[in-house]
Amino acid sequence: MDNIDMKAIQWFPGHMAKTRRAITANLRLVDAVAELIDARTPMSSRNPEIDSMTASKPRIVLLNKCDLADSNATSAWINYLKKDNVTALAVDCKSGKGINKLLPTLKATVLKELMEKREKNGMSGAPIRLMILGIPNVGKSSLINRLAGGKRAKVEDRPGVTRTKQWVKLKDNTELLDMPGVLWPKFEDQSAAVRLAFTGAISDDILDIETLAMKLLVFLSESYPQALVERYKIEFNDADDGLSLLEKVGKKRGMVISGGEINTERAAITVLDEFRSGKLGRITLELPEEI
Ligand code: G4P
């Protein structure tokens with residue numbers, strides 16, 4: 001097993017306890033929770049305690065960055081969650097795609113009972129209050145900016161929810177807690193940590209960059225071989241390992257140092273950057289059937 005440096009992930013038991021307390025306290029103020037996960041890593045980007053932490057509240061799961069994920073896999077994940085009675089939507093907070101479905105879906109599904117109760121009690125004018133939860137980098141600030149319009153403060157990657165609560169008014173009489181809850185990812189599971197590092201959700205430093213890129217190349221050669229062929233114009237077969245794939249990419253890109261040796265560090269940075277920015281195509285790193 002590679003030596004993954006978990007300290008680089010920056011979450012400690014004290015932080016986690018503080019976050020749990022802050023979220024529990026803020027949950028009392030809202031009607032529903034929007035849980036943001038990364039559509040490329042729907043399993044690994046889910047906080048392991050979110051189910052128990054938010055059990056008392058209606059919740060919708062948003063598979064964000066769906067523009068970077070394999071659309072068949074995203075549909076499979078939505079169906080998988082549906083079978084588990086979880087309402088989920090695919091969104092792209094960068095372009096705004098799918099976000100206009102959030103409020104109508106909430107009202108028609110997880111908040112249906114509340115809406116009916118309010119209607120019956122003559123309270124239909126009461127605002128719907130929402131909290132956004134998710135791991136660092138999953139797109140929480142982008143979602144708030146999209147929903148609220150205009151640029152808001154960048155959410156800091158620090159544990160918990162800020163003390164100063166601010167409500168942002170949205171259309172349809174909905175209010176959003178301006179500062180979302182920043183949760184810790186599933187880093188106890190080493191393969192989940194590696195996938196999160198592929199997407200840039202956690203620091204590259206958990207592994208050296210070349211090892212990380214080699215692992216990504218092996219995954220791609222098995223699950224999305226065409227992406228490698230099209231982007232790098234390389235040929236490979238079962239005999240190739242991570243290093244030979246990385247060297248082939250480096251060679252094709254002319255990343256050669258003195259003596260003809262391939263600059264595998266540069267090649268690794270290129271592969272990771274291109275994967276993260278979607279240049280290798282739409283790729284999902286884990287599927288529901290693998291659970
Ligand atoms: P956070 O608050 O949860 O920490 O995440 P944030 O909104 O800051 O988003 C983290 C990065 O992910 C940002 O990129 C953001 O643009 C990008 N992002 C968010 N949602 C989407 C999406 O649906 N699709 C894609 N492709 N990217 C998304 P960045 O490089 O850090 O900043 P910038 O590119 O916005 O300058």
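Reading guide: rules and limits
- Residues numbered from 1 in each chain as written.
- Predicted model: local features only at pLDDT ≥ 70, side-chain atom pairs only at ≥ 80, totals over all residues.
- Heavy atoms only, no water.
- Axes fitted to C-alpha atoms, helices over the stretch in contact; angles between N-to-C directions.
- Helix = DSSP H or I, 4+ residues; strand = E, 2+ residues; numbered from the N terminus.
- Parallel < 35°, antiparallel > 145°, perpendicular 65-115°, else oblique.
- Contact = heavy atoms within 4.5 Å.
- Nonpolar A, V, L, I, M, F, W, Y, C, P; charged D, E, K, R; others polar.
- Buried < 20%, exposed > 50% of the residue type's maximum accessible area, 1.4 Å probe, protein only.
- Arc of directions from axis to C-beta.
- Core = buried A, V, L, I, M, F, W, Y, C linked by side-chain atoms within 4.5 Å.
- Domains from an automatic or database assignment.
- Salt bridge = Lys/Arg side-chain N within 4 Å of Asp/Glu carboxyl O.

1. Structural notes on the packing of helix α7 (residues 190-199) against helix α8 (residues 209-223)
- α8 packs onto α7 with a crossing angle of 95° between their chain directions and a minimal axis gap of 10 Å. With respect to their mutual orientation, α7 and α8 come out roughly perpendicular. On α8, the residues touching Val194, Ala197 and Phe198 of α7 are Leu212, Lys215 and Leu216.
- Classifying every residue of the contact of α7 with α8 gives five nonpolar, no polar and one charged.

2. Here we look at helix α9 (residues 225-232)
- All of the buried residues in α9 are Ala227, Leu228 and Tyr232. Viewed end-on, α9 has its buried residues packed into an arc of 95°, placing them on one side of the element.
- Buried positions along α9 lie against α8, α10 (242-252) and α11 (264-276).

3. Considering the nonpolar core
- Ranked by internal contacts, the top residues of the largest apolar core, which has 56 residues, are Leu62, Leu106, Leu143, Leu176, Leu216, Leu220 and Ile283.
- With six residues, α8 is the single largest residue contributor to this core.
- For this core, the domains that each give at least three residues are domain 1 (14-178) and domain 2 (208-276).
- Not counting chain neighbours up to four residues away, the residues in contact with leucine 220 comprise Pro225, Leu228, Leu280 and Ile283.

4. What to know about the domain arrangement of the protein
- Under the domain assignment used here, the protein contains domain 1 (14-178) and domain 2 (208-276).
- Put simply, the middle of domain 1 and the middle of domain 2, counted by C-alpha atoms, are 36 Å apart.

5. Thoughts on the pattern of salt bridges
- Under the defined criterion, the tally for this structure stands at 14 salt bridges.
- Across the pair arginine 231 and glutamate 274 runs a salt bridge, and its minimum N-O distance is 2.9 Å. Note that arginine 231 is positioned in helix α9 and glutamate 274 in helix α11, a separation of 43 residues in sequence.
- Using a relative accessible area of 31% as the deciding quantity, one classes arginine 231 as partly exposed.
- Each of Glu35, Arg46, Asp51 and Arg59 takes part in a single network of salt bridges with overlapping partners.

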